[in-house]
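Summary of the model geometry
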Amino acid sequence: MSTALNLDQSTSPIEAADPAVFAAISEEQRRQVEGLELIASENYTSEAILAAAGTVLTNKYAEGYPGRRYYGGCEHVDVIENLARDRAKELFTAEHANVQPHAGSQANMAVFMTALEPGDTFLAMDLAHGGHLTHGMRLNISGKYFNAVHYGVREDDQRIDFDQVARLAREHKPKLIIAGASAYPREIDHPKFAEIASEVGAKLMVDMAHYSGLVAARVHNNPAEVADFVTSTSHKTLRGPRSGFVLCRSEYQKDIDRNVFPGLQGGPLMHVVAAKAICFQEALQPSFRTYVEQVVANAQALAATLTAGGLKLTSGGTDNHLMLCDVTGFGFGGKVAEEALDRAGITCNKNMIPYDTRKPMDPSGVRFGSAALTTRGMKEAEMQQVGGWILDVLRNVDNEDAVARICEAIRELTADFPVPGIR
Ligand SMILES: *Cc1c(COP(=O)(O)O)cnc(C)c1O
């Protein structure tokens, strides 16, 4: 069974059933193959993971947990969920794992329901400094039902301001402190967060959604060693299917499980749980560490090229898979940059930079990540080439001929670096 589409033949059951959807999927596949994927939160899964997500497991209801289901016929999906849980625990040396959250946001909500009552205070990173929507943004349930207080990074070096974290923790006495971010290019000092949480009697949640692959490979320190709760997505640097999971100490096992189901969700997506089981298994292999080390080396190579070309990087560089670049030196904001890069076949996202004076819809920065290109087998030399193209596009945003030439060169390069599962 293969879920990948063969663009040259019309043998897909999807095409027979629904030509309109098939055509759009084909075009998306072409985009993923021909372009340069630099969105920091995206990756390419293995062919096995892609296939697992397209199996008959999508037909199965499995409310409850292995051995305690509300439906019959769960003996096989129980095997799968137990494999996923055991592998997640092994991978992160965690006491308990819940692999049912449909996404990272649901994983975070499960912890909120476990550690907080509506109206309670939590302390988390400001969205404008690299935090996430689910860390207390006004329109998100985390901001509506709870009292969110935010810390940020220092203005001078754009590193997390631990003096501010400690001051806000003492002043607001939050029940929960959250570490973890979506646009922070440096390794996070989880033990330091644990120290502050313990001083003020708060529980610590680490949301490692972006860098869980780096943690799995032990390239970054493991938050499961110091936090009460760890949440993550499985589809960013961990390179699994689009989904989420929660790790916690045994003492919270019952509450976390109850708050995922029936607290937040009905039946788990067993095809995605199976894909997560395979993802954890892949991440346990020595080759995954090699991959992650290359992700970091590639990010540093790209960062060096962009810096040499005149882009200012938040915090001056990167320790992980991502970087945040101030493009305003070129005379425009992130919106123009994102659109011009898109026309050249380079996909990224505009992003606020810390202390940004521009608006979220046209901020000062763009964010790049190296995880997806590294999966295609690109190394430092290719990253230098990619960095050169990014700079070329930014210097030529109004020159469609130049952008078209870069697009053509990118197509030639990407032809040599296959996407897993697509022939
Ligand atoms: C991506 C991300 C999430 C949530 O991911 P979804 O799967 O899109 O719900 C949560 N927290 C952080 C820090 C993230 O970067």
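Just so we're clear, the structure is a prediction, and the values are computed from it rather than from any experiment.

Cut-offs used in this document
- Residues numbered from 1 in each chain as written.
- Predicted model: local features only at pLDDT ≥ 70, side-chain atom pairs only at ≥ 80, totals over all residues.
- Heavy atoms only, no water.
- Domains from an automatic or database assignment.
- Contact = heavy atoms within 4.5 Å.
- Buried area = accessible area lost by both parts, 1.4 Å probe.
- Salt bridge = Lys/Arg side-chain N within 4 Å of Asp/Glu carboxyl O.
- Pairing = 2+ DSSP bridges.
- Helix = DSSP H or I, 4+ residues; strand = E, 2+ residues; numbered from the N terminus.
- Axes fitted to C-alpha atoms, helices over the stretch in contact; angles between N-to-C directions.
- Phe/Tyr/Trp six-rings, centres within 6.5 Å; stacked < 30°, edge-to-face > 60°.

Once that is clear, we can look at the domain arrangement of the protein chain. The extent of an interface is frequently quoted as the accessible surface area lost upon association of the parts. Segmentation of the protein chain into domains returns domain 1 (56-283) and domain 2 (287-414). The gap between the C-alpha centroids of domain 1 and domain 2 is 28 Å. At the interface, 27 residues of domain 1 touch 26 residues of domain 2. Between domain 1 and domain 2 lies a buried interface of about 2300 Å² when both sides are counted; carbon and sulfur atoms form 60% of it. When the buried area of domain 1 at its contact with domain 2 is split by residue, P185, R186 and R239 rank highest and sum to 27% of it. Applying the counting rule to domain 1 against domain 2 returns one salt bridge. The residue R186 makes a salt bridge to D319 at a minimum N-O spacing of 2.9 Å.

Right, let's get into the sheet that holds strand β8 (residues 203-207). Spatial ordering of the open sheet is given by β4-β10-β9-β8-β7-β5-β6, a layout of seven strands whose pairing is mixed. In this open sheet, the two edge strands, each paired with only one partner strand, are β4 (96-98) and β6 (147-151). Along the sheet, successive strands turn relative to each other by an average axial angle of 20°, direction set aside. In this sheet, strand β7 (residues 176-179) lies alongside strand β5 (residues 121-125) in parallel orientation, the contact comprising two bridges. Residue pairing in the sheet places F122 in a bridge with L176 of β7. In the packing of helix α10 (residues 253-260) onto the sheet, contacts are made with β4, β9 (229-233) and β10 (244-248), and the angle to β4 comes to roughly 0°.

One pass over the full model with this rule turns up 12 aromatic pairs. With a centroid separation of 4.9 Å and 70° between ring planes, the pair formed by F112 and F122 is classed as edge-to-face. Linking F112 in helix α5 (residues 104-115) with F122 in strand β5, this pair joins segments that are 10 residues apart in sequence. Members of the aromatic cluster, connected to one another through ring pairs, are F92, F245 and F280.

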